[in-house]
Amino acid sequence: MAPARQPAPQYSKDEKVLCFHMDMLYEAKVTDVMSSHNVFKYKVHYKGWKNTWDDWVVADRIRPFDDEHKELAAQLHAQLRQSMKNAKQPAGAKKMMRGGGGPESSGRGSEERGSSAAAMGGGGRAGGGRRGKDWELETEDAFHIKPMINIPVPDHIQAMLVDDWENITKNNQLVPLPHPKPVTKIFAEYLAFERPHREEGSASMDILAEVIAGFREYFEKSLSRILLYRFERHQYMDIRKLWDNPEENAEYKTVCDVYGAEHLARLIVSLPELLAQTNMDQQSVSRLREEIGKFTVWLGRNCEHYFVNEYETPSQEYIDKARSF
């Protein structure tokens, strides 16, 4: 019987890659490859670093050096810089930058989170011209600073969150519901986009499915608690009959079938504080950050397709009720 063929290594010697160290992605080069019991290990050299930092890693730590992963690296490094900046600010300033509270936050907490998102979004607009080199290596000192559990959010999604906050809290407008592109459809189309890039039955595919399922559950449980502005609560009370009476509205089974990208984006910027309350290990947190980061990059590239073009203006009766709520 002929011996079984050994699988080929996923990466080759001298190949330029991106490699995780803790929570961050850095540009690196594969300098050697070895195999032990059909498991490949890769020796990587981080660009701009001394050889003493060279490391043997498995393929799960490495990502291709392509536009998608460079953009993810850029967002991670931007979040690190923001974390370092926040750490130098007074406690009151850091609280303002962090935004809203945990799952029991009220509508008022949502308003505060919105103003924080506005501040973040404003900075995002101004900083757009620097993205070309955001994925370059940080200093060795920065390398050792463990960042908070941050989720990279593209600048233009932050900018849309600012508009979302202003439309609702300042202009007394609402996101039209049921949403033409609900969260259920967004997740389904993202899975359809991402599946061809992963091997069926692989750990990577399992992680993708698990993350999206968890993301959906977070959205369902947090919408009414932390994602609504006070002005939206009467709309929520009116619209919830769609999923409370499934026999009459078969296509609306959960809040994910009714709400869309605007509220999903609010969850993304709230995730750091929600995840900080979990007991997830560092490896799981890092992988979750990567998966959610890739999702937000994809959502940002398709924002015109999923975010509504115009908000609706409710009746004066609704406005009066919402103000007295």
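Residues numbered from 1 in each chain as written. Predicted model: local features only at pLDDT ≥ 70, side-chain atom pairs only at ≥ 80, totals over all residues. Heavy atoms only, no water.

## Side note on the nonpolar core
Which entries qualify depends on this criterion: Only buried residues count toward a nonpolar core. Its members are Ala, Val, Leu, Ile, Met, Phe, Trp, Tyr and Cys residues joined through side-chain atoms within 4.5 Å. Here the term buried applies to any residue with accessible area under 20% of the maximum for its type, exposed to any over 50%, and partly exposed to those in between, with areas from a 1.4 Å probe on protein chains only. Helix numbers and strand numbers start at the N terminus; a helix is a DSSP run of H or I with at least 4 residues, a strand a run of E with at least 2.
By size, the foremost hydrophobic cluster in this structure holds 56 residues, and its most contacted members are Phe 215, Phe 219, Tyr 259, Leu 264, Phe 295 and Leu 299. The dominant element in this core, judged by the number of residues it contributes, is helix α7 (residues 203-227), at 9 residues. Phe 20, Met 24, Ala 28 and Phe 40 belong to the second largest nonpolar core, which has 20 residues in total.

## A closer look at the packing of helix α5 (residues 155-170) against helix α10 (residues 261-276)
Short version of the rule: For helices, the fitted line uses only the C-alpha atoms of the stretch in contact; every axis is such a line through C-alpha atoms, and the angle between N-to-C directions lies from 0 to 180 degrees. With the far helix as reference, a near helix turned anticlockwise by less than a right angle produces a left-handed crossing, and one turned clockwise produces a right-handed crossing. In this description, contact between two residues means that some pair of their heavy atoms is separated by no more than 4.5 Å. Each residue gets one of three labels, nonpolar for Ala, Val, Leu, Ile, Met, Phe, Trp, Tyr, Cys and Pro, charged for Asp, Glu, Lys and Arg, and polar for the others, Gly among them.
It is the contact of α5 with α10, at a shortest axis distance of 10 Å, that shows an interaxial angle of 115°. Considering how the two elements wind past one another, α5 and α10 form a crossing that is left-handed. Residue-level contacts link Ile 157, Leu 161, Asp 164 and Ile 168 of α5 to Glu 262, Ala 265, Arg 266 and Val 269 of α10. Classifying every residue of the contact of α5 with α10 gives 5 nonpolar, no polar and 3 charged.

## Observations regarding unusual backbone geometry
The phi angle of most residues is negative, glycine excepted, and most peptide bonds adopt the trans form. In this structure, Pro 178 follows Leu 177 across a cis peptide bond, with omega equal to -5°. Tracing the backbone through its elements, the reader meets Pro 178 in the loop between α5 and α6 (183-194). At Asp 14, a position not held by glycine, the phi torsion is positive, near 75°. Locating Asp 14 in the fold gives a position in the segment before β1 (16-21).

None of the figures reported here should be taken as evidence of function without further support.
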